[in-house]
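# Analysis of the macromolecular model
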Amino acid sequence: MKSYDGCWTCRLRKKRCDETRPVCRNCSALHITCHFGEEKPSWMDNGIGQKEKAEEIKREVKSAAARRRGTLPMDVVANNDDESITGGLRRCSASTECPPFSAESNSNLGSSPGWIPSAHTLPITRPSNGHPDSWNKLNRLIISNTSGMEPEDSELDRRFMMFYLDHFFPFLFPFYQPPLLEGGRTWVMELIASDQAMWHTTLCLSTYFVSVALDGAVSGPNVCKSLAWERLLKQMGITFMMLQRSLQEVTLSGTQDLIVKTSRIMGSIIQLQRFEISIGNFENCQKHLDAAITLFRQIFKAAENVIDRGELATFHDVLSHMGRPLWSITSQQCGAWNSNQAAFRFYSALLILDDIIASTCIEEAPRLRQYHTQLLTKCSSSDERFRLNLEDFIGCENWVILQISEISALDAWKKSIKRAGKLDMMELVARATPIKQALLTNLARLDTSVNMPKTNWLGLFVLYNYQLPPVPGGCTAFTTRVWAHAALLYLSVVVSGWQPKSTAIRENVLRTLALLEQMPAPELLRTLIWPFCIVGCLAEPEEECRFRAMVEALVPHQLFGAARKALEIMENAWKCRGELAIDTDFGMCVCSLGYLSVLV
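Residues numbered from 1 in each chain as written. Predicted model: local features only at pLDDT ≥ 70, side-chain atom pairs only at ≥ 80, totals over all residues. Heavy atoms only, no water.

Going by what an unreviewed UniProt entry lists, the protein chain is known as Zn(2)-C6 fungal-type domain-containing protein and is assigned to Talaromyces amestolkiae. Recorded under Subcellular location (unreviewed entry), the UniProt text for the protein chain is reproduced unchanged: "Nucleus". (UniProt positions renumbered as here; feature names shortened; annotations may be inferred.)

Of regular secondary structure, the protein chain possesses 21 helices and four strands. Burial status across the protein chain gives 57% buried among its 600 residues. (Helix = DSSP H or I, 4+ residues; strand = E, 2+ residues; numbered from the N terminus. Buried < 20%, exposed > 50% of the residue type's maximum accessible area, 1.4 Å probe, protein only.)

With 22 residues, helix H16 (residues 475-496) should cover 32 Å at 1.5 Å per step; its first-to-last C-alpha distance of 32 Å lies within 8% of that length. Where burial is concerned, most of H16 is hidden: 20 out of the 22 residues are buried. Phi for Gly 497, located one or two positions after H16, is positive at around 90°. (Expected span 1.5 Å × (residues − 1).)

With that settled, consider the packing of helix H5 (residues 155-172) against helix H7 (residues 196-214). Close contact between H5 and H7 brings their axes to 8 Å; oriented N to C, the two are set at 80°. The angle between H5 and H7 falls in the class roughly perpendicular. Residues Asp 157, Phe 160, Met 161, Phe 163, Tyr 164, Phe 168, Phe 171 and Leu 172 of H5 pack against Trp 199, Thr 202, Leu 203, Leu 205, Ser 206, Thr 207, Phe 209, Val 210 and Ala 213 of H7. The residue inventory of the contact of H5 with H7, partitioned by class, reads 13 nonpolar, three polar and one charged. (Axes fitted to C-alpha atoms, helices over the stretch in contact; angles between N-to-C directions. Parallel < 35°, antiparallel > 145°, perpendicular 65-115°, else oblique. Contact = heavy atoms within 4.5 Å. Nonpolar A, V, L, I, M, F, W, Y, C, P; charged D, E, K, R; others polar.)

This part takes up the environment of Gly 561. With respect to the element layout, Gly 561 can be found in helix H20 (residues 561-575). The residues touching Gly 561, leaving out its near neighbours within four places in the chain, are Ile 277, Ser 278, Ile 279, Gly 280 and Phe 282.

Ranked by size, the top nonpolar core spans 170 residues in total, and within it Trp 187, Met 266, Phe 344, Tyr 347, Trp 483 and Trp 530 carry the most contacts. Element by element, the count of residues in this core is highest for H16, at 15 residues. With residues near it in sequence (within four places) discarded, Trp 483 still touches Leu 353, Ile 357, Cys 396, Val 400, Ile 401, Ile 404, Thr 527, Leu 528, Trp 530 and Pro 531. (Core = buried A, V, L, I, M, F, W, Y, C linked by side-chain atoms within 4.5 Å.)

To continue, consider the packing of H16 against helix H18 (residues 529-537). Running from N to C, H16 and H18 cross one another at 45°; their axes reach a closest spacing of 9 Å. As summarised for this structure, H16 and H18 are arranged oblique, according to the angle between their axes. As H16 packs across H18, the resulting crossing turns out to be left-handed. For the pair H16 and H18, contact is made by Val 482, Trp 483, Ala 486, Ala 487, Leu 489 and Tyr 490 and by Trp 530, Pro 531, Ile 534 and Val 535, respectively. Residue classes in the contact of H16 with H18 are distributed as 10 nonpolar, no polar and no charged. (Left-handed = near helix turned anticlockwise from the far one by under 90°.)

Following the criterion strictly, the structure yields 20 salt bridges and no others. Measuring nitrogen to oxygen at the nearest pair gives 2.8 Å for the salt bridge that ties Arg 367 to Asp 290. One end of the pair, Arg 367, is in the loop between helix H12 (339-359) and helix H13 (372-376); the other, Asp 290, is in helix H10 (residues 285-307), with 77 residues separating them in the sequence. A relative accessible area of 3% means that Asp 290 is categorised as buried. For Arg 445, the salt bridge identified is with Glu 397, shortest N-O distance 3.1 Å. On the criterion of sequence distance, the pair formed by Arg 445 in helix H15 (residues 425-450) and Glu 397 in the loop between H13 and helix H14 (398-419) is long-range, its members being 48 residues apart. Judged by relative accessible area, Arg 445 falls into the partly exposed class, the value being 38%. We classify Glu 397 as buried; its relative accessible area is 14%. Put simply, Glu 544, Arg 548, Glu 571 and Arg 577 are held in one network by salt bridges that share partners. (Salt bridge = Lys/Arg side-chain N within 4 Å of Asp/Glu carboxyl O.)

What follows is the structure in structure tokens.
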């Protein structure tokens, strides 16, 4: 029997719909997108659009079925039209593998979002010896059809959430320890509890980490591991569904709600990106990054429309439209960020880094480069509080990341001019000189500070369960030095080409490798993936075993997917070492796998 008020998905599939909102039982059972609404979608045209949508839904059903079985469909994207081959390495452009996020205005967000992650998200290895009977009570994650739409308040959910807050958030972001007077990390819990998409995204991360933590640690029946695995499969499908629904609903919000809701969606996508990177899946990197950058720009555009000054909105403007701080601090010009402000600052810092690192591989300047001055540099004392200090988020000082951005922009300029046949090496060197000078000057300052005693007052309002290992000069100084030496290597390749045996490159490779081997804890490597990969690609044969040893020391392997991906990139470069031409670059090495890997 046909339903005339059912969802458009069921109508297209010619199935009877029970008309439950926001997700009918048919779509919920299959874990596919439930399209509903009073207006007829544009693809219901009885023509090509409808046929293409039907095929898309069939693929979605197939992928969801594979996820439920704990296997992955092996979809291979073969698109070599835009690839150039140099010395055995294939280049992957920004548009080769993943179409960009198509929403350029708020109205487009609700109509046809181009952010549709593929089914490569889940880890391949499923816990063994599971007991299906024990999963039944987990299959009741109910999405209410009321306006509140809160997730099931179950004991298992709460345990997974506390596991994430207590263990895995600090593991993923060890440098992020905001002072308690500024609100600490309480915003994480508040945001998870108040936002549906963030709730399910976080459950995805926590469920996977729980399954890894329990793997081999629980004797007897593997009930706990089976529960965690089934939870992951369930949550991944719901996460994608909730994010797509949030994108559709954001256009109905007022200005302040629009900014807040859009920033939450952006945060969920960035968090999902970090989850996939941590498990070693990079095939959705371009899609996630495109979506997050588009939403970031739209947040600033919405603030710009409100202030109506005829100029770009500032970071201060955006934060001001997210509400008032929780309290003010009389001793200094700052206060406790509310949960939305703190979240936007946190995810903006991660997005700025992801954009810069991605740009080193795709022959483009960072797409958010226009925001670097106001977000990462000192403008005036009144704006200082709103500036992002990246060392507080990723353990690396701003000046290094800014110089990597400048090198990436220089590389994009060089390739553009070279294609036009107008490259002047003197001009290239002149542009590179101030970048090199800034790196060397700040490195000298850091090298001096390493031998100076470092005193920190651990009072009530800054005290944390400090998980970073002790390092001379501090962990951030150590991390910054590694990034800076890698930046010098990157600059050398951009200016002089791929010359691993040159004196300048050999000196920096040896210095950086020595620093990496001085890490007080192997786990610190997961915060240094980009520098690690750059140095490794330029290593000599006798040094290869030292890089492999650093990766093998990271256990459990399932939680260090980025490091293993970096080693895979290095192995590709090592195999064709003798074939690499002088115009080979780091981007060719990273994209030799056939897709963009954001090494963060």
